[in-house]
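For reference, the chains in residue letters:
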Amino acid sequence: MSTKKRTLTESLWDFFCSLKLSISLLIGLAVTSIIGTVIPQGNIPPEYLQTISEAKFRLYQSLSFFDMYHSWWFMLLLYLLTVNLVACSIKRLPHVWKMVTEPALVLDESLEKSLSLTYDFKASSSELDKLKGFLKAEIGEPVLSERDGVFHLFAQKNPWCRLGVYVVHLSVIVIFIGALIGSFFGYKAFVNIVEGTYIDTVFTAKDSPIKLDFGVHCEKFSVEYYKTGAPKEFKSILTILENGQPVKGFTRIPVIVNDPLTYKGITFYQSSYGQSGDGAVYHFNVALRIGGGSTNFNIKKGERVTLSGGATLELLESTQDVRQYMPEFSGPAAKVSLVMPGKSPESFIVFKNHPEIEEQRRGELVIQYAGADEKLYTGLQVAKDPGVWVVWFGCTLMVIGIGMAFFMSHQRTWIRLGNGRATLAGTANKNPAAFERKFEEMVEKLKTL
Amino acid sequence: MSSSLLFNVTTFLFLISTILFFAYMASKNSSLGLGASLAAFIGWGVETLAIILRWKESYDMGHGHAPLSNLYESVVFFAWTIILIYGIIELKYKHRIIGAFVLPFALLGMAWAQLGLNSGIEPLVPALQSNWLLYHVITCFLGYAAFAVACAISIMYLIKARSEGENSTSQAGGMISMFPAIRVLDDLNYKSIMIGFPLLTLGIVTGAAWANYAWGTYWSWDPKETWSLIVWFVYAAFLHARITRGWVGKRAAWLSIIGFAATIFCYIGVNLFLSGLHSYGGGR
């Protein structure tokens, strides 16, 4: 009974220690990860839903394909990978640790047989110090031991690089821990702030509000454009408020893409912007093309105003900077629809900075745009992630571990000296060809020592 | 002299190099091989100048950014990194013939860039205005290039292994006899991936750091991120497979080719077929 139980735990242990499991999990993760790059994740666009059948939708949903990277089965794969690499490390680390901390100091017959690089030469015991110096210069400080009147010198280089693999394994776990800390104690949210106003609540993707213990005031949002009309800079001027008062050092801070603002562990990232539609007033000016006499008037979006003489005007669209649509112009512009009495409507664009365009238009009236006291809002991503430094620590460990494991080699050499003869032997755990060249060089030097 | 002229010269030199490599393979004339290598390296030198000149041109136009900002610039840079990695491997291990399989990748890239892609110098959109752009793109593409070289070596491995399998009695004749021994090819495949994997890891880490700095999320399962992780998984599987018995040779070669196919999809396929945060990379 007990033996049967033992074999079960043993075989389970062997299963989790196996490299085959690691390879299967890595390939399994690679293949399943493709699903989430093909099927939309999170908020599914309605256009996509129309392209798949009801049955397919239900199947995908039951398999959590619409949020697959957080699904139970994907998490299971990640947890299995973690268990696998912990088990592998537990199984192999003690052996490697022993090799690093308790190296074989004596070149006995069985060790010598296991090494392919050996060289025999004549040497007397009086040359011990010379050989010591030689090993020190070539590999590292040698350790001397004596057995049955025979001297053994052992020197090694980079023994710690054998731990590189385990450093990488550890780093994966550290990164996972960092990610878990972030998901339990942090959040991702967003908030829109209209120019001139402040907020103290942000919203997560599920629209649940999170109250901040401070306020964020947006003084101004602006967009700069290149001559080509492509956006150059999105900028919010933000001030942090504590109890309604600006905080010193956090007043009028420009926040642009790639340059966020962090306060009390919460970071605000420039993400989007828009026109705050409610209540904006647009200023226009109308004059007779012949005879002059201009009149100012205001209009709201979607509103139709009647001008003197019976003409009516409607504001269709407006922009703070027309350059993004018409690179040859700049500044605010408005698209209006003008209906002269008894005529069909005509729509055209008027530019605040380019009144001459309107001067050249044909028609009885000259409509000029004088801009708007329209307000913009800035859209900010808000993130709190106390785990992020753990993740960076893990990433650093991973890079160091990979460097140790890939580019450093544990080199071990022995010299046995006794009975008028000496034997040099050596081995390296990586890049045997390079070590072979090194060994040959050492042999050449020994000949002329 | 303009950078686009120099890029054309580069493309031409890579073409000459490819032709010379094929001639070298067919004739076994070592001076043709030397010419092929020289054409590739001179082409690389000209391309280096072209990239620097394009960088300067962007400053002259008032944009002032490293030429790594759109698909054209990245394809051109990819070709440059492929020749760089190939050059390192050739100088270190002295197996010139590998160039016959590597150069077509670089030539294909340059030809596609010069003939099919918009080569205009555009100003940087706000999302790309960061020093991380440089670190992220350079590490990623050096990694991709090492995988390209590994893939070329794996193709050679499979050709050589097949021809030796067919006539196991006689030595493989003709062109294939010029290939390094399959044991050497297997080892070079491994060595190339040993170069590529740390660079890809750095590329993913710098990308995550940048994403965190710009958007507040170091990982958002965006298709580009996910595909880079898929590539990382494939090569991680490759590296682990090396330790177990039975996964050297043909299987390793296939895994390397699959890894490079995933790399190319990550680089180009994601931009062409999937939407996401790296959409500017697909601009035509």
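Conventions we followed
- Residues numbered from 1 in each chain as written.
- Chains lettered and ligands numbered in written order.
- Predicted model: local features only at pLDDT ≥ 70, side-chain atom pairs only at ≥ 80, totals over all residues.
- Heavy atoms only, no water.
- Helix = DSSP H or I, 4+ residues; strand = E, 2+ residues; numbered from the N terminus.
- Buried < 20%, exposed > 50% of the residue type's maximum accessible area, 1.4 Å probe, protein only.
- pLDDT = per-residue confidence, 0-100.
- Pairing = 2+ DSSP bridges.
- Axes fitted to C-alpha atoms, helices over the stretch in contact; angles between N-to-C directions.
- Contact = heavy atoms within 4.5 Å.
- Buried area = accessible area lost by both parts, 1.4 Å probe.
- Salt bridge = Lys/Arg side-chain N within 4 Å of Asp/Glu carboxyl O.
- Polar contact = N/O pair within 3.5 Å; in protein donor to acceptor, adjacent residues only side chain to side chain.
- Phe/Tyr/Trp six-rings, centres within 6.5 Å; stacked < 30°, edge-to-face > 60°.
- Lys NZ or Arg CZ within 6 Å of the ring centre and 35° of its normal.

**Observations regarding the environment of Glu-374 of chain A**
Then, number 1: Residue position: Glu-374 of chain A is located in the loop between strand 18 (365-372) and strand 19 (375-384).
Then, number 2: Of the residues examined, Glu-374 of chain A reaches a relative accessible area of 6% and is grouped as buried.

**Some thoughts on the confidence of the model for chain A**
Then, number 1: Residues at a pLDDT of 70 or more form 98% of chain A, whose mean pLDDT is 89.
Then, number 2: When mean pLDDT is taken per element in chain A, helix 10 (residues 388-407) of chain A scores highest with 95 and helix 1 (residues 2-17) of chain A scores lowest with 79.

**Let's talk about the sheet that holds strand 1 (residues 117-122) of chain A**
All names here are of chain A.
Then, number 1: Spatially, 1-21-20-3-2 is the arrangement adopted by the five strands of the open sheet, whose pairing is antiparallel. Since the sheet does not close on itself, it has two edges, and those belong to strand 1 and strand 2 (143-147), each with one partner. The average undirected angle you get between the axes of adjacent strands in this sheet is 20 degrees.
Then, number 2: Here six bridges tie strand 1 to strand 21 (residues 421-428), and the two strands are oriented antiparallel to one another. The residue bridging Asp-120 from the neighbouring strand is Thr-423, located in strand 21.
Then, number 3: Across the face of the sheet, helix 7 (residues 128-138) comes into contact with strand 1, strand 2, strand 3 (150-157) and strand 20 (411-418) while running at roughly 10 degrees to strand 3.

**Some points on the interface of chain B and chain A**
Then, number 1: Each partner contributes residues to the interface: chain B has 42 residues there, and chain A has 40 residues.
Then, number 2: It is Tyr-218, Trp-221 and Phe-233 of chain B in chain B that bury the most area against chain A; as a group they hold 19% of the surface buried on that side.
Then, number 3: Counting across the chain B and chain A interface gives zero salt bridges.
Then, number 4: Taken together, the links from chain B to chain A amount to ten residue pairs in polar contact (both at pLDDT 80 or more).
Then, number 5: Contributions of two or more residues to the side of chain B that touches chain A are made by helix 6 (182-215) and helix 7 (223-243) of chain B.

**Let's talk about the sheet that holds strand 12 (residues 282-288) of chain A**
Residues and elements named next belong to chain A.
Then, number 1: Taken in spatial order, the three strands line up as 13-12-18 in an open sheet, and their pairing is antiparallel. The open sheet is flanked by strand 13 (292-299) and strand 18, the only strands paired with a single partner. Looking at each pair of strands side by side, their axes are set apart by 20 degrees on average, direction ignored.
Then, number 2: Relative to strand 13, strand 12 is paired through six bridges, and the arrangement is antiparallel.

**Let's talk about the packing of aromatic side chains**
Then, number 1: Within the structure shown, the criterion is met by 46 aromatic pairs over all chains.
Then, number 2: Taking 6.4 Å as the distance between ring centres and 85 degrees as the angle between the ring planes, the aromatic pair formed by Phe-21 of chain B and Tyr-86 of chain B counts as edge-to-face. Taken together, the residues Phe-21 of chain B in helix 1 (residues 3-27) and Tyr-86 of chain B in helix 3 (residues 71-93) connect sequence positions 65 residues apart.
Then, number 3: Since its relative accessible area comes to 0%, Phe-21 of chain B is described here as buried.
Then, number 4: Three or more aromatic residues joined by ring pairs make a cluster, and in this case those are Phe-57, Tyr-60, Phe-65, Phe-66, Tyr-69, Trp-73 and Phe-74 of chain A together with Trp-219 and Trp-221 of chain B.
Then, number 5: Sitting over the face of the ring of Phe-348 of chain A, Arg-361 of chain A holds its NZ or CZ atom 3.7 Å from the ring centroid.
Then, number 6: Over the ring of Tyr-190 of chain B we find Arg-242 of chain B, and its NZ or CZ is 4.3 Å from the ring centre.

**Observations concerning the pairing of strand 18 of chain A**
All names here are of chain A.
Then, number 1: Counting buried residues along strand 18, six of its eight residues qualify, which places the element largely inside the surrounding structure.
Then, number 2: Of the pairings in the sheet, the one linking strand 12 to strand 18 comprises six bridges and is antiparallel in character. Each bridged residue has a counterpart across the sheet, and for Val-286 the counterpart in strand 18 is Ile-367.

**A short note on the environment of Leu-238 of chain A**
All names here are of chain A.
Then, number 1: One can find Leu-238 in strand 7 (residues 231-242).
Then, number 2: Once the C-alpha coordinates of Leu-238 and Glu-195 are considered, the two residues, 43 residues apart in sequence, prove to be 9.7 Å apart.
Then, number 3: Look past the residues within four positions of Leu-238 in its chain and what remains in contact with it is Val-216, His-217, Cys-218, Phe-250, Thr-251, Arg-252, Ile-253, Val-255, Leu-261 and Leu-380.

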